[in-house]
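Remarks on the overall topology
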There are 2 protein chains.
Amino acid sequence: MLKDIIENNQNYQPGLSIDCVIFGFHDNQLKVLLIKIPHSKSWSLPGGFIPIDQDIDTAAVTVLNGRTGVEGIFLRQFATFGKIKRNDQHFGKEVLEYLKIEEEKGKWLTQRFVTIGYYALVDFLKTIPKSANKEEVIEWIDHKEVPELILDHKEILDKALQTLRTELNLMPIGYNLLPEKFTIPELQKLYETILDKKLDRRNFLRKITNIGILTKLDEKKSNVAHKAPNLYSFDKDKYDEVLKNGLNQGW
Amino acid sequence: MLKDIIENNQNYQPGLSIDCVIFGFHDNQLKVLLIKIPHSKSWSLPGGFIPIDQDIDTAAVTVLNGRTGVEGIFLRQFATFGKIKRNDQHFGKEVLEYLKIEEEKGKWLTQRFVTIGYYALVDFLKTIPKSANKEEVIEWIDHKEVPELILDHKEILDKALQTLRTELNLMPIGYNLLPEKFTIPELQKLYETILDKKLDRRNFLRKITNIGILTKLDEKKSNVAHKAPNLYSFDKDKYDEVLKNGLNQGW
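Nothing here was measured: the structure is a model prediction, and the numbers come from that model.

**Section: unusual backbone geometry**
The phi angle at N28(A) is positive, at roughly 55 degrees, despite the residue not being glycine. With respect to the helices, strands and loops of the structure, N28(A) is situated in the loop between strand 1 (12-26) and strand 2 (29-36).

Listed below in structure tokens is the structure:
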């Protein structure tokens, strides 16, 4: 794949790449999908290049679908990273030798790259992480236990998480991250995990109910030792409306 | 300037530009700094290219300082625009002829460009808009009366305004946009102008006071016919703190 791109580099936008921070929620952990680079101790965010005849958003969707196998994912551009120093540790000669690319063609890869960051929220259970080849490892990793990342990928990941935290004040969250039916404590746990802090139970209940996106189901959670909590689902129409217009807590 | 860049295009990041949406507040209008393109009926946002040895944020600061003459401006990257169609109406042959650039060199300018959008809030009264040459006109224009813009600059402007409106829920605003001393009604008018809606006086007073960034001065506004309102200034330390940590209205 990378070899094809380098050999046909005139078909790609020069000096510009895409990196995706893909979040999933499982076992009360906020996880990130990461790729172990072959012949290196470092990991990287899933990324790609931009076909010269494709919108940047479309190129980002391609990266995401290719890595997760799921479509219609919540995907949002959040920042573009363009410090000159970010390329200091870019793939070097070893990568070209490993890919069997001649140096002239390889120059495309060693030019300065600016990268556009996207973040995605996906359903952990529906996602089947896909590696590009046998030597590559792709894995869900708890965002608190992220190993060494290449280039400025740690900075990109941190910024994505910071954006997600900020956007909790602007939009609803949970669809794609929780199962179809969930309890209020499960939804609260999702917020607490993203924000990395405990929230007051009553305050949370009041605020989340006020948004008006929850449907209380006529079902209780089974397999629970003590008093069984009610199950809820998202009212998708209202959820999408609030997602579009923003949480109504402004001026 | 543009001629120099095209002639020495190897010194610039290929296919990537910067566009700045520069907002100023005056006469109860939110104004935008726009440039009239010579030999065209269209206007454009102030923009520029990225020196190959410069961070993208530094390149944005250069554009901004060059156009306004003021430094230390509030400047924020908000989105990157990369639809393929955005280049359909890019500068054509006329521009090359006008600049007396040979076609081979000119190809650099007619390649596909992705552009990084920044928005800035500046002090209208301290800003001295600077045109790049005699034929260029640069002017403050009310954001409600923006003329036809080149490329996707209208979309970029709209997105900047939308971002600014959203960020009113996340950060304080007013520093750089209001004079050093101002009244609460003047501050409220700024918010109303940006949001394009009337706000309740008491609610606004309560919310803005709760943020804790205002210092009540021992002075009243002079030259006012009826009851003179109190003057305020921003407590810059607290203002910067809230700007950094965000408005405390989260979960």
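From this point, the narrative continues.
**Considering the relation of the copies chain A and chain B**
When chain A is fitted to chain B, the best match, at an RMSD of 0.0 Å, comes from turning it 180 degrees and sliding it 0.0 Å along the axis. Look at the turn and shift together and you get a two-fold axis relating the two. The fraction of interface residues of chain A whose copies in chain B are also interface residues reaches 100%, indicating that both copies meet through the same surface.

**Overview of the interface of chain A and chain B**
Interfaces are often described in size by the accessible area the parts lose on coming together. Each partner contributes to the interface: chain A provides 37 residues, whereas chain B provides 37 residues. Its largest share of buried area at the contact with chain B, chain A owes to Q13(A), R112(A) and W251(A), together 29% of the area lost on that side. Inspection of the chain A/chain B interface yields zero salt bridges. Taken together, the links from chain A to chain B amount to 17 residue pairs in polar contact (both at pLDDT 80 or more). Of all the elements in the fold, those that place two or more residues in the side of chain A that touches chain B are strand 1, strand 4 (47-51), strand 5 (74-81), strand 6 (114-122), helix 6 (184-195) and helix 7 (201-211) of chain A.

**Examining the environment of H39(B)**
Counting through the fold element by element, H39(B) comes out in the loop between strand 2 (29-36) and strand 3 (43-44). Each C-alpha atom, one on H39(B) and one on Y98(B), is 9.0 Å from the other, the two residues being 59 residues apart in sequence.

**Comments concerning the packing of helix 6 of chain A against helix 7 of chain A**
Two quantities define a packed helix pair, namely the angle between the helix axes and the distance between the axes. All names here are of chain A. For the pair helix 6 and helix 7, interaxial distance at closest approach is 11 Å and the crossing angle is 100 degrees. Here helix 7 runs roughly perpendicular to helix 6, going by the angle between their axes. Contact with helix 6, carried on its side by I184, L187, Q188 and Y191, involves R201, F204, L205 and I208 of helix 7 and no other residues of that element. Residues of the contact of helix 6 with helix 7, tallied by class, amount to six nonpolar, one polar and one charged.

**Considerations on the domain arrangement of chain A**
Residues and elements named next belong to chain A. Domain annotation for chain A reports domain 1 (2-167) and domain 2 (184-245). One C-alpha centre belongs to domain 1, the other to domain 2; they are set 32 Å apart. Tallying the contact residues gives nine residues for domain 1 and seven residues for domain 2. Both sides together, the interface formed by domain 1 and domain 2 hides about 750 Å², and carbon and sulfur atoms give 68% of it. Ranking the residues of domain 1 by area buried against domain 2 places F25, N28 and R165 at the top, with a combined share of 56%. In this structure, the connection of domain 1 to domain 2 is made through one salt bridge. Residue K144 pairs with D196 through a salt bridge whose shortest N-O separation is 2.8 Å. At the junction of domain 1 and domain 2, the tally comes to two residue pairs in polar contact (both at pLDDT 80 or more). Contributions of two or more residues to the side of domain 1 that touches domain 2 are made by strand 2 and helix 5 (153-167). When grouped by side-chain class, the residues that make up the side of domain 1 that touches domain 2 number four nonpolar, three polar and two charged.

**What to know about the pairing of strand 9 (residues 230-234) of chain B**
Along any regular strand the residues' side chains alternate between the sheet's two faces. Residue and element names in this part refer to chain B. For strand 9, the buried fraction is high: five of the five residues fall into the buried class. Direction of pairing for strand 8 (residues 214-220) relative to strand 9: antiparallel, over a ladder of four bridges. The partner of T215 across the bridge, within strand 9, is S233.

**Some thoughts on the pattern of salt bridges**
Here the structure, examined in full by the defined rule, presents 27 salt bridges over all chains. We note a salt bridge from K154(A) to D158(A), for which the minimum N-O separation is 3.1 Å. Here the residue K154(A) and the residue D158(A) both occupy positions in helix 5, the gap between them amounting to four residues, near one helical turn. Residue K154(A) is classed as partly exposed on the basis of its relative accessible area of 41%. Among the salt bridges present, the one from K236(B) reaches D240(B), with a minimum N-O distance of 3.0 Å. You can see K236(B) and its partner D240(B) sitting in helix 8 (residues 236-245), four residues apart, about one turn around the helix. On the basis of relative accessible area, D240(B) is assigned to the partly exposed category, the value being 32%.

**Describing the packing of aromatic side chains**
Residues and elements named next belong to chain A. Per the stated rule, a full pass over the model turns up 26 aromatic pairs over all chains. Between F23 and Y119 the ring centres are 6.3 Å apart and the planes differ by 65 degrees, which places this aromatic pair in the edge-to-face class. In this pair, F23 sits in strand 1 while Y119 sits in strand 6, placing the two residues 96 residues apart along the sequence. Like F23, the residue Y119 is buried in the burial classification.

**Remarks on the side chain of T68(A)**
Residues and elements named next belong to chain A. Its location among the elements puts T68 in helix 2 (residues 56-68). Taking the relative accessible area as the measure of exposure, T68 reaches 0% and is therefore buried. For T68, the contacting residues outside a window of four places in its chain are I22, L33, I73, T127 and I128.

**Regarding the environment of Q111(A)**
Considering the arrangement of structural elements, one finds Q111(A) in the loop between helix 4 (103-110) and strand 6. For Q111(A), a relative accessible area of 21% gives the class partly exposed. Sequence separation of Q111(A) and R165(A) is 54 residues, and the distance between their C-alpha atoms is 34 Å. If near-sequence neighbours (up to four positions away) are discounted, Q111(A) is found in contact with P14(A), G15(A), N87(A) and P14(B). Within polar-contact distance, the side chain of Q111(A) engages the backbone oxygen of W108(A) at 2.7 Å.

The rules behind each value
- Once a new chain begins, its residue numbering starts again from 1 and follows that chain's sequence as written.
- Written order determines the labels here, with chains lettered from A and ligands numbered from 1.
- Restriction of local features to residues with pLDDT of at least 70 applies here, the model being predicted, together with a cutoff of 80 or more for giving and counting side-chain atom pairs; totals for whole chains, interfaces and linings are based on all residues.
- Hydrogens are left out, water is left out, and the side-chain values use all remaining heavy atoms of the structure.
- Per the convention used, a helix needs a DSSP run of H or I reaching at least four residues, while a strand needs a run of E reaching at least two, with both numbered from the N terminus.
- Alignment of copies: least-squares fit on C-alpha atoms of residues with pLDDT of at least 70 in both copies.
- We call two residues in contact when some of their heavy atoms are within 4.5 Å.
- Defined in terms of a 1.4 Å probe, buried area is the accessible area two parts forfeit on being brought together, summed over both.
- A side-chain nitrogen of Lys or Arg and a carboxyl oxygen of Asp or Glu constitute a salt bridge if their distance falls within 4 Å.
- Whenever two N or O atoms come within 3.5 Å, that pair is a polar contact, provided that in protein one can donate a hydrogen and the other can accept it, and provided that, for residues adjacent in sequence, both atoms are side-chain atoms.
- Angles here are taken between N-to-C directions and fall from 0 to 180 degrees, while the axes themselves are lines fitted to C-alpha atoms, restricted in helices to the stretch in contact.
- Throughout this description, any angle smaller than 35 degrees is read as roughly parallel, any larger than 145 degrees as roughly antiparallel, any in the 65 to 115 degree range as roughly perpendicular, and the remainder as oblique.
- Each residue is assigned to one class: nonpolar for Ala, Val, Leu, Ile, Met, Phe, Trp, Tyr, Cys and Pro, charged for Asp, Glu, Lys and Arg, and polar for all the others, Gly among them.
- The source of the domain bounds is an automatic or database domain assignment.
- Buried means the residue's accessible area, taken with a 1.4 Å probe over protein chains only, is under 20% of the maximum for its type, while exposed means over 50%, and partly exposed covers the values in between.
- Between any two strands, pairing holds if DSSP finds at least two bridges.
- The rule is short: rings of Phe, Tyr and Trp, with Trp giving its six-membered ring, pair when the centres are within 6.5 Å, and they are stacked under 30 degrees, edge-to-face over 60, tilted in between.

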